[in-house]
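The lines below spell out each chain.
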Amino acid sequence: MKNMTLRQIEAVRAVMMTGTIAGAAEMLSVSAPGISRLIRYTEESLGLRLFERRAGRFVPSVEAGAVFEQIARVYRDVENLGHAIDSLHRGETTELRLASAPSIAQFVAARAVRGVRRRFPDLFVDLNILKIEETIDYLLLERGEFVVMSSPVTGAAVESRELARGQLVAIVPEDHPFAARPSVSVHDLATETLIGVDPDDPYGAQRIRPFVDAGIEPRFSLRGRFAQTVVGLVRHGLGVAIIDEFSVAEIYMEGFRRLPLEEETSITAHVAHKKGRSLSSHAEYAIACFAQELGAATRARPWEASAQAD
């Protein structure tokens with residue numbers, strides 16, 4: 001069986017499209033004599049006359065019609081392959097499923113997804129909001145590729161690593177006497193109407209730690225299940241609260257003030273996925289976007305600088 005090399009196929013197609021050796025040479029950015037020799041060698045090796053010479057032009061011969069048809073098909077397949085690769089780069093016909101804790105989902109997750117969509121504009125993204133106790137089932141049942149949580153996810157079948165480290169902050173109504181301060185102590189907060197989260201919840205346990213470390217047993221007048229609920233209660237003047245800075249990472253937020261705590265605090269954001277599962281390139285890129293946005297939220301803190309200026 002006699003075959004043609006890709007270089008021969010390319011040269012024959014170029015002559016077929018341009019009708020001249022010079023045109024084919026220009027199309028392929030090579031010398032005309034080289035194209036002429038390659039066409040002659042191809043015809044000799046196949047034992048076929050591929051072109052007829054008519055008035056200085058090369059016209060496909062009748063007997064080589066089947067060859068040209070196959071060459072055209074090869075190039076269509078190559079073009080289809082190129083379109084498929086381009087679609088993968090753009091995210092077409094693919095999807096990314098992930099989940100986030102409510103505290104991270106409100107602002108940081110939106111910014112991370114924005115970064116993903118800039119890189120993969122046609123990628124379908126399914127962002128789920130989960131409580132910490134829902135994450136194991138979500139990952140092990142492969143409902144999504146990864147989760148980003150404000151607490152470490154533990155389990156024998158789960159891999160978890162730290163993405164970013166931040167701080168806890170106080171939030172008070174904008175007309176509260178504390179709002180004019182550059183910072184506030186947990187000792188002062190403990191004298192106010194406190195809004196919290198169930199301390200038996202990992203998220204709630206993180207937020208009472210500054211009180212516990214200071215030897216204070218906080219007494220909550222109100223509780224909310226999620227960060228957004230706590231923020232809403234404070235915004236409506238119902239009390240003060242301690243919350244993670246990721247939950248209030250937007251620069252301009254009306255109705256309350258964010259104040260640094262005078263006590264040393266830290267919180268961590270983690271990414272977790274099913275152990276042994278290979279993450280897609282979209283997921284890897286999304287995790288990098290989360291790390292970047294979480295880091296940006298902790299480095300910038302323009303609201304903190306504003307409070308100190310006041």
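To be clear, the structure that these remarks concern was listed above.
Attention here is on the structure that accompanies the text. (Residues numbered from 1 in each chain as written. Predicted model: local features only at pLDDT ≥ 70, side-chain atom pairs only at ≥ 80, totals over all residues. Heavy atoms only, no water.)

Focus on the overall build of the chain
The cut-off we apply is this: Secondary structure elements are taken from DSSP: a helix is a run of H or I of four residues or more, a strand is a run of E of two residues or more, and numbering for both begins at the N terminus. Calculation of accessible area relied on Shrake-Rupley with a 1.4 Å probe; when residues are assessed, cover is drawn exclusively from the protein chains displayed.
In terms of helices and strands, the chain carries 11 helices and 12 strands. When the accessible surface of the chain is split by element, carbon and sulfur atoms take 51% of a total near 15,900 Å².

Looking at the side chain of His273
Applied cut-off: Between two residues, a contact is recorded if the distance between any of their heavy atoms is within 4.5 Å.
Take His273: it is sitting in strand β12 (residues 267–274). When near neighbours in sequence (up to four residues on either side) are disregarded, His273 contacts Leu139, Glu145, Phe146, Ala157, Val158, Glu159 and Leu279.

Digging into helix α9 (residues 227–235)
The cut-off we apply is this: For every residue, the accessible area (1.4 Å probe, protein chains only) is compared with the maximum for its type, and the residue is labelled buried under 20%, exposed over 50%, or partly exposed between those bounds. Taking the helix axis as origin, the arc is that swept by the directions to the C-beta atoms.
Among all positions of α9, only Ala227, Val230, Val231, Leu233 and Val234 are buried. Buried residues along α9 cover an arc of 160 degrees about the axis, so they all sit on one side. Following α9 by one or two positions, Gly237 has its phi on the positive side, about 75 degrees.

Things to note about the sheet that holds strand β5 (residues 146–149)
Short version of the rule: A pair of strands is labelled paired if DSSP reports no fewer than 2 bridges between them. Every axis corresponds to a line fitted to the C-alpha atoms, with the helix fit spanning only the stretch in contact, and the corresponding angles, defined between N-to-C directions, vary from 0 to 180 degrees.
Read across the open sheet, the 5 strands follow the order β4-β3-β5-β12-β6; overall the sheet is mixed. Since the sheet does not close on itself, it has two edges, and those belong to β4 (124–129) and β6 (158–166), each with one partner. Within this sheet the neighbouring strands show an average axis-to-axis angle of 20 degrees, counted without direction. Direction of pairing for β5 relative to β12: antiparallel, over a ladder of 3 bridges. Its bridge partner being in β12, Val147 is matched across the sheet by Ala272.

Digging into the pairing of strand β1 (residues 51–54)
Remember that side chains alternate between the two faces of the sheet whenever the strand is regular. Two elements, β1 and strand β2 (residues 57–60), share 4 bridges in a ladder whose sense is antiparallel. Pairing of Arg53 across the sheet is with Phe58, part of β2. From the end of β1 to the start of β2, which pair antiparallel, there are 2 residues, and Ala55 there has a positive phi angle of about 50 degrees.

Quick look at the sheet that holds strand β7 (residues 168–173)
Backbone hydrogen bonds are what pair the strands of a sheet, in a parallel or an antiparallel way. Strand order in the open sheet made by the 3 strands is β10-β7-β11, with antiparallel pairing throughout. Single-partner strands in this sheet number two, and they are β10 (241–244) and β11 (256–260). Geometrically, the sheet is characterised by an average inter-axis angle of 40 degrees between neighbouring strands, direction not taken into account. Inspection of the sheet shows β7 paired to β10 by 4 bridges, in the antiparallel sense.

Regarding the packing of aromatic side chains
Counted only if it meets this: When the centres of two rings from Phe, Tyr and Trp lie within 6.5 Å, Trp using its six-membered ring, the rings pair. Their planes under 30 degrees apart give stacked, over 60 give edge-to-face, and anything left gives tilted. Either the NZ atom of lysine or the CZ atom of arginine qualifies as a charge over a ring when it sits within 6 Å of the ring centre and within 35 degrees of the ring normal.
Scanning the model with the defined rule gives 3 aromatic pairs in all. Ring centres of Phe146 and Phe290 lie 6.2 Å apart, and the angle between their planes is 85 degrees; this geometry places the pair in the edge-to-face category. Residue Phe146 is found in strand β5, and its partner Phe290 is found in helix α10 (residues 281–300); the two are separated by 144 residues along the sequence. Just as Phe146 is buried, Phe290 falls in that class too. Over the ring of Tyr203 we find Arg207, and its NZ or CZ is 3.4 Å from the ring centre.

Some remarks on unusual backbone geometry
A positive phi angle, close to 60 degrees, is found at Ser29, a residue other than glycine. Positionally, Ser29 belongs in the loop between α2 (21–28) and α3 (32–46). A relative accessible area of 65% means that Ser29 is categorised as exposed. A positive phi angle is found at Glu142, which is not glycine, with a value near 55 degrees. For Glu142, a relative accessible area of 43% corresponds to the partly exposed category.

Examining the environment of Phe290
The class for Phe290 is buried, based on a relative accessible area of 1%. Placed 19 residues apart in sequence, Phe290 and Val271 show a C-alpha to C-alpha distance of 9.0 Å. With residues near it in sequence (within four places) discarded, Phe290 still touches Leu98, Ile104, Val108, Ala109, Ala112, Phe146, Val148 and Leu163.

What about the nonpolar core?
In plain terms, the rule: Among buried residues, those of type Ala, Val, Leu, Ile, Met, Phe, Trp, Tyr and Cys that are joined through side-chain atoms within 4.5 Å constitute a nonpolar core.
Counting 60 residues, the largest nonpolar core has Phe146, Ile171, Leu189, Ile243 and Phe290 as its most contacted members. Broken down by element, this core gets its largest block of residues, 8 residues, from helix α5 (residues 102–119). Apart from the residues within four sequence positions on either side, Ile243 is in contact with Gln167, Leu168, Val169, Ile171, Tyr203, Arg207, Ala227, Val230, Val231 and Val248.

Here we look at the pairing of β4
The condition is simple: Handedness rule for crossovers: strands pointing away from the viewer, path from the first strand over the helix to the second running clockwise, crossover right-handed.
Here strand β3 (residues 95–100) runs beside β4; their pairing, made up of 6 bridges, is parallel. Note on β4: the bridge partner recorded for Ala99 is Asn128. Regarding the hand of the β-α-β motif, the stretch spanning β3, α5 and β4 is right-handed.

Quick look at the packing of helix α1 (residues 6–18) against α2
The line we're drawing: Each angle receives one of four descriptions, namely roughly parallel if under 35 degrees, roughly antiparallel if over 145, roughly perpendicular if within 65 to 115, and oblique otherwise. For a crossing to be left-handed, the near helix must be turned anticlockwise from the far one by less than a right angle; the clockwise case is right-handed. Here the nonpolar group is Ala, Val, Leu, Ile, Met, Phe, Trp, Tyr, Cys and Pro; Asp, Glu, Lys and Arg are the charged ones; every other residue, Gly included, is treated as polar.
As a packed pair, α1 and α2 sit with axes 8 Å apart at the nearest point and diverge in direction by 120 degrees. The pairing of α1 with α2 is recorded here as oblique in orientation. With respect to the hand of their crossing, α1 and α2 are arranged in right-handed fashion. The segment α1 lies against α2, with Glu10, Ala11, Arg13, Ala14, Val15, Met17 and Thr18 engaging Ile21, Gly23, Ala24, Met27 and Leu28. Of the residues assigned to the contact of α1 with α2, the class counts are 8 nonpolar, 2 polar and 2 charged.

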